[in-house]
Amino acid sequence: MAVPATRDMNVTILPPLPPGAFVAFVEEPETHGRIAADVPPVLAGRAALHVVAGGFMAAMHMSDWPADLGGLILDITESPSPVADMAALVGVLPEDCVIIAIGDANDVHLFRDLVGAGASDYLVRPLPDGALGKAVETAIAAKAREVELRHARAAIQAAAAGKEAGPPDIAPLVVACIGTRGGVGTTTIAVALASMLGQARRRESLILDLDIHYGSVMLALDLDPADALREALSSPQRVDNLFVDQSVQRKTEFLCALGAEDPPRDATSLEDGAIATVVAAYQRRFRQVVLDTPRGDPSLLCQALEAATDLVLVCDLTLAGTRDAMRLLTLATDVAPQLRIHMIAGGATDPRKAPIKLADLERSVKQKAVCQVAFDDKNVAAAINAGKPLNEAMPRSVAVKSLQPLVNAMLAAVDPDAAAARSDPFWSRLLKPKGRVNTAAAGAGA
């Protein structure tokens, strides 16, 4: 049945849907009729079908996707970058959601790229009788086999480790970390964030250094740069499971990294959707991917934003930093409206000596900061010299403690239980006086 989608300030809001429901975003009347004729018989007794009177743009402006969405049928004709947009949608949809794309381009390369980005199938209009229903049925069966194999693999791995099988899957995170200015600590924060997310979720994290000429992630982690990232971005279609396993370098139990140090004279050209395709390939193994993203290349910057589920914008407390924060926030809203934005204040100098205050930054950009990273240059330098993430080299650093609200905010969006469990760090529990009531909420000073 058709469900009216509420549009409020260019945001699409769906009404409550039953678990496992399929949602179709289409505008073209003939496609609407074909969906109504072919899909309900396939879903009969298993799931409900809801058709939204809106196409691709309505889907990209969804305020929040149902956590138990069973399937999505999407007309991608309006999309200027269908592969990148598909990868962005895959990043925010439930992992077991079936995705059927419909378009006008009869292009086998587009089909392969869409499937590589996470779509179950791609159909070309005009749709033959029964083709859409058969595609949905095949995709549901394939997804069921995939889930069954994944659960079986998790049980085997748990048995081999002598443990009971835990939750088979967690929601994916792709975090683009961008600094408003150079030297605000973006790379240090990105590395620590990847490690902290991996530890919090007990799953491997990957940090990708997208600055393939001057990136410093591999240098900070004392790892060898490689050509794999440049090869992946140049030929994203060749990134398969074997390539993923051979390209990454492990640093800790829950942290792997990939970066390059190409000669400055070697320019890198990106095809449309390259970063989204590469990220989607690595996401099959890593449930959280952190992108250390440079600002200098507009194409790379926009592609990274399109591929991400979350943006961490690291701002310094200067007039130039405030100006560029406003510009980057505007770009993020225009390019990737699906992003969850987390603004934090950083910087290479003591904030007490900064030209402006945090309140001035928040008022200017009309965005509250999730946290202000504490100035801790000695521990940061020690972590870099040790070649380890800040949170692992210097776990008692005040900078690590000040990053915890950022980790909690991300976990709260995808893993509420995990966020609640970690909202009270162990050191704060140790420091609380025993047998006394915590009076902080009543206004008692520290």
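Residues numbered from 1 in each chain as written. Predicted model: local features only at pLDDT ≥ 70, side-chain atom pairs only at ≥ 80, totals over all residues. Heavy atoms only, no water.

Our next topic: the environment of D96. Inspection of the secondary structure assignment puts D96 in the loop between α3 (82–92) and β7 (98–103). Its relative accessible area of 35% is what places D96 among the partly exposed residues. C-alpha of D96 to C-alpha of G71: the two residues are 25 residues apart in sequence and 8.3 Å apart in space. Contact partners of D96, with chain neighbours within four places excluded, come to G70, K143, V147 and R150. (Helix = DSSP H or I, 4+ residues; strand = E, 2+ residues; numbered from the N terminus. Buried < 20%, exposed > 50% of the residue type's maximum accessible area, 1.4 Å probe, protein only. Contact = heavy atoms within 4.5 Å.)

Once that is clear, we can look at the pairing of strand β10 (residues 205–209). Burial analysis of β10 places five of its five residues in the buried class, the great majority of the element. As paired elements, β10 and strand β12 (residues 255–258) share four bridges and run parallel to each other. Residue I207 lies in a different strand from β12, and its bridge partner there is A257. Note that β10 and strand β13 (residues 288–292) share five bridges and pair parallel. Counterpart to S205 in the pairing with β13 is Q288. (Pairing = 2+ DSSP bridges.)

Let's shift gears to the nonpolar core. In this structure, F25, W65, L114 and Y282 are the most contacted members of the largest nonpolar core, which totals 82 residues. The greatest single-element share of this core, amounting to seven residues, is contributed by helix α10 (residues 274–283). Apart from residues no more than four positions distant in its own chain, Y282 is found in contact with L206, V239, F243, V244, S247, V248 and L258. Judged by nonpolar contacts, the second largest core, of 37 residues, contains A190, V217, A383 and L406. (Core = buried A, V, L, I, M, F, W, Y, C linked by side-chain atoms within 4.5 Å.)

Under the criterion given, the structure shown has one aromatic pair. Between the aromatic rings of F25 and W65, the centroid separation amounts to 5.7 Å while the plane-to-plane angle is 75°, which identifies the pairing as edge-to-face. In this pair, F25 sits in strand β4 (residues 22–26) while W65 sits in the loop between α2 (56–60) and β6 (71–75), placing the two residues 40 residues apart along the sequence. Each member of the pair F25 and W65 is classed as buried. (Phe/Tyr/Trp six-rings, centres within 6.5 Å; stacked < 30°, edge-to-face > 60°.)

Moving on, we come to the packing of α10 against helix α11 (residues 298–307). Two numbers describe how α10 lies on α11: the axes approach to 8 Å, and their chain directions differ by 40°. Our classification of the angle between α10 and α11 gives oblique. α11 is crossed by α10, and the crossing has right-handed handedness. Residues A274, I275, A276 and V279 of α10 form the contact with α11, whose participating residues are L300, Q303, A304 and A307. (Axes fitted to C-alpha atoms, helices over the stretch in contact; angles between N-to-C directions. Parallel < 35°, antiparallel > 145°, perpendicular 65-115°, else oblique. Left-handed = near helix turned anticlockwise from the far one by under 90°.)

Of all residues in the chain, 88% have pLDDT values of 70 or greater, and the mean over the chain is 83. pLDDT under 50 marks residues 1–9. Its contacts with residues more than four places away, or in other chains, come to 18 contacts. Of the regions scoring below 50 in pLDDT, residues 420–446 engages in twelve contacts with residues more than four places distant in sequence or in other chains. (pLDDT = per-residue confidence, 0-100.)

Next up on the list: the pattern of salt bridges. Pairing is possible between side chains of opposite charge, provided their charged atoms come close. On inspection of all chains with the given rule, the structure shows 19 salt bridges. The shortest N-O distance in the salt bridge between R295 and D324 comes to 3.6 Å. Here D324 lies in helix α12 (residues 319–335) and R295 lies in the loop between β13 and α11, a separation of 29 residues in the sequence. A relative accessible area of 4% means that D324 is categorised as buried. Here K368 ties to E362 by a salt bridge, and the two come within 3.4 Å at their closest N and O atoms. Under the relative-accessibility criterion, E362 is labelled buried at 14%. Overlapping salt bridges bring together R181, R295, R323, D324 and R327 as one network. (Salt bridge = Lys/Arg side-chain N within 4 Å of Asp/Glu carboxyl O.)

A few words on the pairing of β7. The side chains of a regular strand alternate between both faces of the sheet. β7 sits mainly inside the fold: six of its six residues count as buried. With burial as the criterion, each face of β7 is covered, one bearing V98, I100 and I102 and the other bearing I99, A101 and G103. Direction of pairing for β6 relative to β7: parallel, over a ladder of five bridges. Within the sheet, the bridge partner assigned to D75 lies in β7 and is I102. Relative to strand β8 (residues 121–124), β7 runs parallel, the two being bridged by four bridges. Opposite A101, over in β8, you have Y122 as the bridge partner. Note on the crossover from β7 through helix α4 (residues 108–117) to β8: the handedness is right-handed. (Right-handed = clockwise from strand over helix to strand, strands pointing away.)

Time to look at the packing of helix α6 (residues 186–201) against helix α16 (residues 398–414). Axis separation between α6 and α16 bottoms out at 10 Å; the angle between their running directions is 55°. With respect to their mutual orientation, α6 and α16 come out oblique. With respect to the hand of their crossing, α6 and α16 are arranged in right-handed fashion. Between α6, through I189, A192, L193, M196, L197, A200 and R201, and α16, the contact on the second element is made entirely by V400, L403, Q404, L406, V407, M410, L411 and V414. Partitioning the contact of α6 with α16 into residue classes produces 13 nonpolar, one polar and one charged. (Nonpolar A, V, L, I, M, F, W, Y, C, P; charged D, E, K, R; others polar.)

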